[in-house]
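A closer look at the structure
Here is what each chain is made of, one letter per residue.
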Amino acid sequence: MKGKKRGFRINKRKPEAPKYDFDHVRKVEKDKGKAPGPMRLNKYLAHAGICSRREADTLIEQGLVKVNGKKLTEMGYKVQIGDTVEFKGKVVKPEKLIYILLNKPKSFITTTKDPEDRKTVMDLVSNACEERIFPVGRLDRNTTGLLLLTNDGDLADKLMHPSNNIKKVYQVTLDKPISEQDFNAVKAGVELEDGSAHVDGLSVLTPDAMTLGIEIHIGRNRIVRRIFEHLGYDVVKLDRTLYAGLTKKDLPRGKWRFLSQKEVARLKIMKLK
C-alpha cells in the first residue's frame, strides 16, 4: 500500500474523532460580548472547512460564493437559519470539527497537494477522517516535529496570525559548536533581510554546544534556520517540540492523534484573551 511503500503507516485501526462540546468556549465568548447569533459568511465558510476566514473574504469578493442562488460579494453578510450557501456550485455546510496533532517526520512536505507528487503530510493522516483538513502553518521538508491539522479555518487563521505571538519551541542541531559570541548574538536578536529576528529563549542542551533549544514566536518562513545560517552555521536537524502549548508526549515520529476536548477548548479560549 502507499503508506507502507513510503515507510510510515500509522494508526492501522482508525480511531474515532472526539465529539467536541464548546459550550464553555461559547460562554467565554458571550462574557466577552460576543453573543451567539447569525454567522458571518466568511466564518461560515471557515467552519465548513473551505479555507481560513481571511481567505474567505477573497473568495466572496471574487463572486465565487452564492447565498440562496445569488452571488454575494457583501463581506458582512450574516448567514441565517435556512440559508443555502454554495461555493463553486456546491452546497457547503459546517463540518464536524477535526483537530489532529502530527509528529511530522523528515522528507514530508507541508501542503495538501504537491504537483511533483512528493510525499506530503496528508499521506500520514489519510485514514484519519472523511472531513477535509489542512495544515496550520508550515514546517519545511527537512524539519520534523509538531504540526496541527484541522478544518477549523477560524482557529487556524488565529493561530497563524503574527499578532497572537504563538509560542513555539525547537531543538536545533548545528554543524559545529556555537560560540559564546554567536550565542549572545542570537539572544540579542539578529538582523535578517526581512527584518529583525528576536527569540524568546535560548539554551545549550549538549556539552558539545551543538544542540540548542530555542523558543520563538516569529512565524516567518524558515526563520530558525535563517537565524543560524546568518551567523555561519548549517542546521543539521530541526525539530519542533512544542506548539501553542501542545507537546510531543506519547506521540512517536510519524504518528498522529486527535486533540482532546480540553486541549481544543484551551486553544480557543487562549485565542480570546
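All of the points below concern the structure found in this document.

What counts and how
Residues numbered from 1 in each chain as written. Predicted model: local features only at pLDDT ≥ 70, side-chain atom pairs only at ≥ 80, totals over all residues. Heavy atoms only, no water. Phe/Tyr/Trp six-rings, centres within 6.5 Å; stacked < 30°, edge-to-face > 60°. Buried < 20%, exposed > 50% of the residue type's maximum accessible area, 1.4 Å probe, protein only. Lys NZ or Arg CZ within 6 Å of the ring centre and 35° of its normal. Pairing = 2+ DSSP bridges. Helix = DSSP H or I, 4+ residues; strand = E, 2+ residues; numbered from the N terminus. Salt bridge = Lys/Arg side-chain N within 4 Å of Asp/Glu carboxyl O. Contact = heavy atoms within 4.5 Å. Polar contact = N/O pair within 3.5 Å; in protein donor to acceptor, adjacent residues only side chain to side chain.

1. Some thoughts on the packing of aromatic side chains
- Evaluation of the coordinates by the stated rule reveals one aromatic pair.
- Taken together, a centroid distance of 5.1 Å and an interplanar angle of 80 degrees make the contact between Trp 256 and Phe 258 edge-to-face.
- Here Trp 256 falls in the buried class, since its relative accessible area comes to 2%.
- The exposure class assigned to Phe 258 is buried, which follows from its relative accessible area of 11%.
- The ring centre of Tyr 233 lies 5.1 Å from the NZ or CZ of Lys 176, which sits over that ring.

2. Section: the sheet that holds strand β5 (residues 85-87)
- Strand order in the open sheet formed by four strands is β3-β2-β5-β6, and the pairing between neighbours is antiparallel. Every interior strand has two partners, whereas the edge strands, β3 (70-71) and β6 (90-91), have only one.
- For strand β2 (residues 65-67) and β5, the ladder comprises three bridges, and the chain directions are antiparallel. Among the inter-strand pairings, Lys 66 is bridged to a residue of β5, identified as Glu 86.

3. Thoughts on the pattern of salt bridges
- Taken as a whole and judged by the stated rule, the model has 13 salt bridges.
- Of the charged contacts in the structure, one is a salt bridge between Glu 193 and Arg 226, with a shortest N-O distance of 3.3 Å. With Glu 193 in the loop between β11 (190-192) and β12 (195-197) and Arg 226 in helix α8 (residues 223-230), this residue pair connects regions lying 33 residues apart in the sequence.
- Given a relative accessible area of 69%, Glu 193 falls into the exposed group.
- For Arg 226, a relative accessible area of 12% gives the class buried.
- Three or more residues joined by partner-sharing salt bridges are found here, namely Glu 193, Asp 194, Arg 220 and Arg 226.

4. Re the environment of His 217
- Counting through the fold element by element, His 217 comes out in the loop between β14 (211-216) and α8.
- In this structure, the C-alpha to C-alpha distance between His 217 and Lys 167, residues 50 residues apart in sequence, is 4.9 Å.
- When near neighbours in sequence (up to four residues on either side) are disregarded, His 217 contacts Asn 165, Ile 166, Lys 168 and Asp 200.
- Of the polar contacts made by the side chain of His 217, one reaches the side chain of Asn 165; its length is 3.5 Å.

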